[in-house]
Amino acid sequence: MLSGRVCPEITDILYGANLCALVKKDGGIRPIAVGNTIRRIVSKICCRHALPDLTDLFQPIQLGFGSKGGCEAAVHAARTFLELGGGQVLLKVDVKNAFNAVDRAAFLTQVKEKIPGIYGYMWQSYASTSKLIFRKHLLHSAAGCQQGDPLGPAIFSLAIQPIISQLISKFNMWYLDDGTLGGEAEQVLIDLQNLIQNFQKIGLELNFSKCELFVAQSVPEPLKNEIISKFNTVAPNIKILTSESLHLLGSPVLPEAIPIFLDVHFQKYSDTCSRLRLINPHMALVITRYCLFVPKFMYFLRCCPFWQHESKLKPLDELIRKTLSEILNCSFDERSWTQATLPIRFGGLGVRSISSVALPAFLSSGYSTRDLFGKIINPSLGDVEVTHLAEARAAWSNTSPNGDIPCPLSHKIQRAWDEPICSSKQKQLLETSPNSTDRARLLAAGEPESGYWLQALPSMNIGTVLDHTTLCLAICLRLGLKTNESHQCKCGVRVDQYGHHGLSCQRSAGRFSRHASINDIIRRALVTVNVPAILEPTGMSRDDGKRPDGMTLIPWSRGRPLVWDATCVDTLAPSHIHATSGQAGAAAASAESNKRRKYAALGEACIFTPFGVETLGPWGPEAKQLFRQISSRLVDTSRDRRAGAYLAQRISLAIQRGNAASLLGTAPQSSSLEDIFYLV
């Protein structure tokens, strides 16, 4: 295929494609070509081959191919250009149906000249008419490159590069077919006229109704009207923008546009959030964490100084809080909400607030795109920094109570800017804990093992979905919220509103089911790695006659079988609270030591490993070691590097289900409706 010698009888199938019609925001249709898999693989190989050469060729004018962070750099550059008075106008040009209309001879000529190694492949792909299928219709395409071809952006950019590289505007930046020109009005107007003429030669036409013109506020009103009149003559119906309506690549450019932008997105998110109540709460939580709010807003947070508009971010944060409260059936106070918005590794739920991420996102974007930004802006303004970046650094330093946070070494990584803020919040929560119980809970929540269940993707088919009640109770235990109304347990003890008694009650309803689930998960994991194992093996017992939970039937290590005994102790039990409020996982470690002493009679005939975990998540050191050993074998057997994580999530989910059963088991007995169902 790379040499262009594919048998002509199959080229229609290999280089044709099925069309998928996507609706544009303006109501138009964007035809996406879904090509043959083999053809797509070859195109990606060609992209990798051509990437270094094309990156050097395109930058700093064309950012649509080979420029990491190109969109962010473009927005930073445009804002800096305007705020530092780089020119009178900023013109955004739009090409009508660009990918489908560009003359194939134009980009094939450029491919032959710039990247001849793939010319044979490109020639056979585009020299003749392509057959495209939409439903039952056969379409013949003799112009343009296919949207959906991995090489499409590269070859389109090659086609227009000779034209856009000759423009004289001080600010000349393109993202594929979206061009932005800035500078003095006369220069930009000349470039606009040249674009109209030269694009026609390669089959392209500007869409004047989508072209946009921004005139700087420093331009006097009479001159502004004259400039607009001249541009209207060349590009009839061109749209005139203000500081509040100027957007570039979807992002607001000037600070004046941010409040309106946030108001619009608040309404969009409000409409979306109302639908989350219609699905399983566990699935809704995962969607909120990975798809809505901060994840969906991240591009804008990185491009714009949203951190300067805290009053406008608060309604979005309150919307997140209200949405979580509804889908999780929890009422958050300020303290629990602060913990909830921390990453999972810091004891939170991983649902970040927009205001807490805005500053690290902007800082990391400003530094990660600094080199590309410099190439774009230097010809017009010289060596300048991204506007608002210095203010962002100062604001970030002030996030610490003492203002003494050192700047991270890795300026380009968002996590490096975010972690000190999160760590400071976690530390503040610990230092202001009202009692040892709350401190023990926070320490336990910060352990990696306590958050494994939150990282599990909910699936009905494989049993990783928590029901509504179990999820609510698990969240309440993690965040220190009330789980129930005060009542009397079956054992006679009064249960407070936090329900912690149920976790350590001797008549706990979830203790046995949780214990059985953990042992079954360990046994199944061993069987998966081709190590048969049984539960409660006969012939092996400690001094009091009790048997261990499981044993492998073949040697595990050094010619000896593995014998394990699992236990789940309560982190917040009165007998453990002194230790767990000082060190996370202390109760599990103590339980493992007790198990090892009790099974000392087993001697050297086997490898005995206690598997100690706690109700709030932490694991003991020996449990961690056994988990690492099993995980390593799971990865080797399945060839899936995530196999170990799946095992940890299973164990963590079993603990949460056991906790919920324990809390619910303290409630008074009452009859259900099952007898009615049987009658029906």
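Below you will find a few notes about this structure.

### Some details on the overall build of the protein chain
(1) Moving on: Summing up its helical and strand segments, the protein chain has 28 helices and 17 strands in all.
(2) Moving on: A buried classification covers 52% of the 680 residues belonging to the protein chain.
(3) Moving on: Put simply, of all contacts in the protein chain between residues at least 6 apart along the chain, 69% involve residues at least 24 apart.
(4) Moving on: For the protein chain, the accessible surface area stands at approximately 31300 Å², while carbon and sulfur atoms represent 53% of it.

### Describing the packing of helix α15 (residues 354-368) against helix α18 (residues 414-431)
(1) Moving on: Their axes nearest at 7 Å, the elements α15 and α18 cross at an angle of 155°. With respect to α18, the element α15 is oriented roughly antiparallel. Our pair here, α15 against α18, has a crossing hand that is right-handed. Note on element contacts: α18 touches α15 through Gln-414, Trp-417, Asp-418, Ile-421 and Lys-425, opposite Ser-356, Val-357, Pro-360, Ala-361, Leu-363, Ser-364 and Tyr-367.
(2) Moving on: Classifying every residue of the contact of α15 with α18 gives seven nonpolar, three polar and two charged.

### Re the nonpolar core
(1) Moving on: Grouped together as the largest cluster of nonpolar side chains are 80 residues, with contacts concentrated most on Phe-171, Phe-297, Phe-306, Leu-328, Phe-332 and Ile-475.
(2) Moving on: With eight residues, α15 is the single largest residue contributor to this core.
(3) Moving on: The next biggest cluster of nonpolar side chains, apart from the first, holds 62 residues, and it includes Ile-118, Val-188, Leu-195 and Ala-216.

### Considering helix α2 (residues 37-58)
(1) Moving on: Along its length, α2 shows its largest kink, about 55°, at Leu-51, and proline Pro-52 lies within four residues downstream of that point.
(2) Moving on: The inward-facing, buried residues of α2 contact α1 (8-15), α6 (119-126) and α7 (152-164).
(3) Moving on: With a side-chain oxygen positioned 2.8 Å from the backbone nitrogen of Ile-38, the residue opening α2 is Asn-36.

### Re the pairing of strand β8 (residues 212-215)
(1) Moving on: Residue alternation in β8 divides its side chains into two sets, Glu-212 and Phe-214 and Leu-213 and Val-215, and both sets are buried.
(2) Moving on: Summarising the sheet, β8 and strand β9 (residues 239-241) pair through three bridges and their orientation is parallel. Counted as the bridge partner of Phe-214 is Leu-241 from β9.
(3) Moving on: In the classification by handedness, the crossover that spans β8, the intervening helix α9 (residues 221-234) and the parallel β9 is right-handed.

### Points about helix α5 (residues 104-114)
(1) Moving on: Among the residues of α5, those classed as buried are Arg-104, Ala-106, Phe-107, Leu-108, Gln-110 and Val-111.
(2) Moving on: Contacts from the buried residues of α5 go to α6, β4 (130-134), β5 (137-141) and α7.

### Overview of the packing of aromatic side chains
(1) Moving on: Counted under the stated rule, the structure contains 23 aromatic pairs.
(2) Moving on: Note on Tyr-119 and Trp-123: the rings are 6.2 Å apart at their centroids and 35° apart in plane angle, and the pair reads as tilted. Taken as a pair, Tyr-119 and Trp-123 lie in helix α6 at a separation of four residues, close to a single helical turn.
(3) Moving on: Accessibility expressed as a relative area gives 22% for Tyr-119, which makes it partly exposed.
(4) Moving on: Trp-123 sits in the partly exposed class, given a relative accessible area of 47%.
(5) Moving on: Through successive ring pairs, a cluster of aromatic residues spans Phe-261, Tyr-269, Phe-293, Phe-297, Tyr-299, Phe-300 and Phe-306.
(6) Moving on: Here the basic side chain of Arg-633 rests over the ring of Trp-556, its NZ or CZ set 3.9 Å away from the ring centre.

### Some thoughts on unusual backbone geometry
(1) Moving on: Following Gln-59, the chain continues to Pro-60 via a peptide bond in cis, the omega torsion being 5°.
(2) Moving on: Counting through the fold element by element, Pro-60 comes out in the loop between α2 and α3 (70-83).
(3) Moving on: The phi dihedral of Asn-97 is positive, around 50°, even though this residue is not glycine.
(4) Moving on: Within the secondary structure, Asn-97 is located in the loop between β3 (89-94) and α4 (98-101).

The rules behind the values
Residues numbered from 1 in each chain as written. Predicted model: local features only at pLDDT ≥ 70, side-chain atom pairs only at ≥ 80, totals over all residues. Heavy atoms only, no water. Helix = DSSP H or I, 4+ residues; strand = E, 2+ residues; numbered from the N terminus. Buried < 20%, exposed > 50% of the residue type's maximum accessible area, 1.4 Å probe, protein only. Contact = heavy atoms within 4.5 Å. Areas by Shrake-Rupley, 256 points an atom, 1.4 Å probe, with all protein chains shown as cover. Axes fitted to C-alpha atoms, helices over the stretch in contact; angles between N-to-C directions. Parallel < 35°, antiparallel > 145°, perpendicular 65-115°, else oblique. Left-handed = near helix turned anticlockwise from the far one by under 90°. Nonpolar A, V, L, I, M, F, W, Y, C, P; charged D, E, K, R; others polar. Core = buried A, V, L, I, M, F, W, Y, C linked by side-chain atoms within 4.5 Å. Bend = angle between axes of the 7 residues up to and from the residue. Polar contact = N/O pair within 3.5 Å; in protein donor to acceptor, adjacent residues only side chain to side chain. Pairing = 2+ DSSP bridges. Right-handed = clockwise from strand over helix to strand, strands pointing away. Phe/Tyr/Trp six-rings, centres within 6.5 Å; stacked < 30°, edge-to-face > 60°. Lys NZ or Arg CZ within 6 Å of the ring centre and 35° of its normal.

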